[in-house]
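As a plain string of letters, each chain reads:
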Amino acid sequence: MTDTLLKAYLSVTDAIAADASPEAAYRAVDKAVSDLLGHKLFTILVRCENGEEVERVYSSQPVAYPVQGRKRMGPTPWGDLVLTRKQTFLGPDVAAIRWAFPDHELIESLGLGSVINVSVQQGGEILGTLNVLDREGTYTSEDQVALVRSFTPFLIPALTKARV
């Protein structure tokens, strides 16, 4: 493990130790992932009890993507991949964004064309997803996906509290 990665993990650990609120965990993971990988949009979605919808509990761009915004993603191909089959989604380009998201026009209008979505799981149950987006071609490797995924355990307590 590199010193940079270890420092990022410790920064999240310290933030959660100092403030047990879900927002503190969300902000700390946002900053750590931004410092290590970079992003233009970082969101965290909680899976709603009905299993069909996800609700945004954190957004680095709350004007364009406000907290408490909901999407019906369960019955979509993306929902099948990420929420049902529990796989990650690496979308390196605008075509992938268009395939995955019904709000792709808004995403593209923000200059975003690349995405990583990873599920936050506990005991095999999907609690929500961690999502990073940036310009087209920014995210292209499974190593980037693994890096984002490595921060999901920090979000388990926060998303457990946030379940709707």
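Structural data are supplied above this passage.
Residues numbered from 1 in each chain as written. Predicted model: local features only at pLDDT ≥ 70, side-chain atom pairs only at ≥ 80, totals over all residues. Heavy atoms only, no water.

Novice: Which parts of the structure should I look at to understand the pairing of strand E6 (residues 125-134)?
Specialist: Put simply, side chains in a regular strand alternate between the two faces of the sheet. When you tally the buried positions in E6, you get nine out of 10 residues, the bulk of the element. Here six bridges tie strand E1 (residues 41-47) to E6, and the two strands are oriented antiparallel to one another. Residue pairing across strands places Val 46 opposite Gly 128, the latter belonging to E6. Strand direction decides the pairing type here: strand E5 (residues 114-122) and E6, joined by nine bridges, are antiparallel. Within E6, the position partnered with Ser 114 by the bridge is Asp 134. Between E5 and E6, which pair antiparallel in sequence order, lie two residues; one of them, Gly 123, sits at a positive phi of approximately 60°. (Buried < 20%, exposed > 50% of the residue type's maximum accessible area, 1.4 Å probe, protein only. Helix = DSSP H or I, 4+ residues; strand = E, 2+ residues; numbered from the N terminus. Pairing = 2+ DSSP bridges.)

Novice: What should I look at first to understand the packing of aromatic side chains in this one?
Specialist: Geometrically, a pair of aromatic rings is defined through the distance of the ring centres and the angle of the planes. Evaluated as defined, the whole model comprises eight aromatic pairs. On the basis of an interplanar angle of 50° and a centroid distance of 5.0 Å, the ring pair of Tyr 9 and Phe 151 is categorised as tilted. Of this pair, Tyr 9 sits in helix H1 (residues 3-18) while Phe 151 is found in the loop between helix H6 (142-149) and helix H7 (156-162), placing the two residues 142 residues apart along the sequence. For Phe 151, a relative accessible area of 0% translates into the label buried. When the centroid spacing of 6.1 Å and the interplanar angle of 35° are considered together, the rings of Tyr 9 and Phe 154 count as tilted. Residue Tyr 9 is found in helix H1, and its partner Phe 154 is found in the loop between H6 and H7; the two are separated by 145 residues along the sequence. The buried category is assigned to Tyr 9, whose relative accessible area is 16%. (Phe/Tyr/Trp six-rings, centres within 6.5 Å; stacked < 30°, edge-to-face > 60°.)

Novice: Please clarify how the nonpolar core should be interpreted in this entry.
Specialist: In a soluble, globular protein the nonpolar side chains are often hidden away together inside. Counting 33 residues, the largest nonpolar core has Tyr 26, Val 29, Phe 151, Leu 155 and Leu 159 as its most contacted members. Within the residue set of this core, elements represented by two or more residues are H1, helix H2 (22-36), E1, strand E2 (53-59), E5, E6, H6 and H7. When residues in this core are grouped by element, the largest group, six residues, is from H2. If sequence neighbours within four positions are ignored, Tyr 26 has contacts with Phe 42, Ile 44, Val 57, Tyr 58, Leu 155, Ala 158, Leu 159 and Ala 162. Among the nonpolar cores identified, the runner-up in size contains 18 residues, and Leu 41, Leu 45, Leu 83 and Ala 100 belong to it. (Core = buried A, V, L, I, M, F, W, Y, C linked by side-chain atoms within 4.5 Å. Contact = heavy atoms within 4.5 Å.)

Novice: Which parts of the structure should I look at to understand H6?
Specialist: An α-helix turns once per 3.6 residues; consequently, residues spaced three or four apart project the same way. Within H6, the full set of buried residues consists of Gln 144, Val 145, Leu 147 and Val 148. The arc enclosing the buried residues of H6, seen along the axis, measures out at 160°, which places them on a common side. Facing away from the buried side of H6, by more than 90 degrees, are the exposed residues Glu 142, Asp 143 and Arg 149. (Arc of directions from axis to C-beta.)

Novice: Please explain the side chain of Thr 129 as it appears in this structure.
Specialist: For Thr 129, the position within the fold is in strand E6. Of the polar contacts made by the side chain of Thr 129, one reaches the side chain of Asn 131; its length is 3.1 Å. Those residues in contact with Thr 129 that lie beyond four places of it in its chain are Thr 43, Ile 44, Leu 45, Trp 78, Val 82, Leu 83, Val 118, Ser 119 and Val 120. (Polar contact = N/O pair within 3.5 Å; in protein donor to acceptor, adjacent residues only side chain to side chain.)

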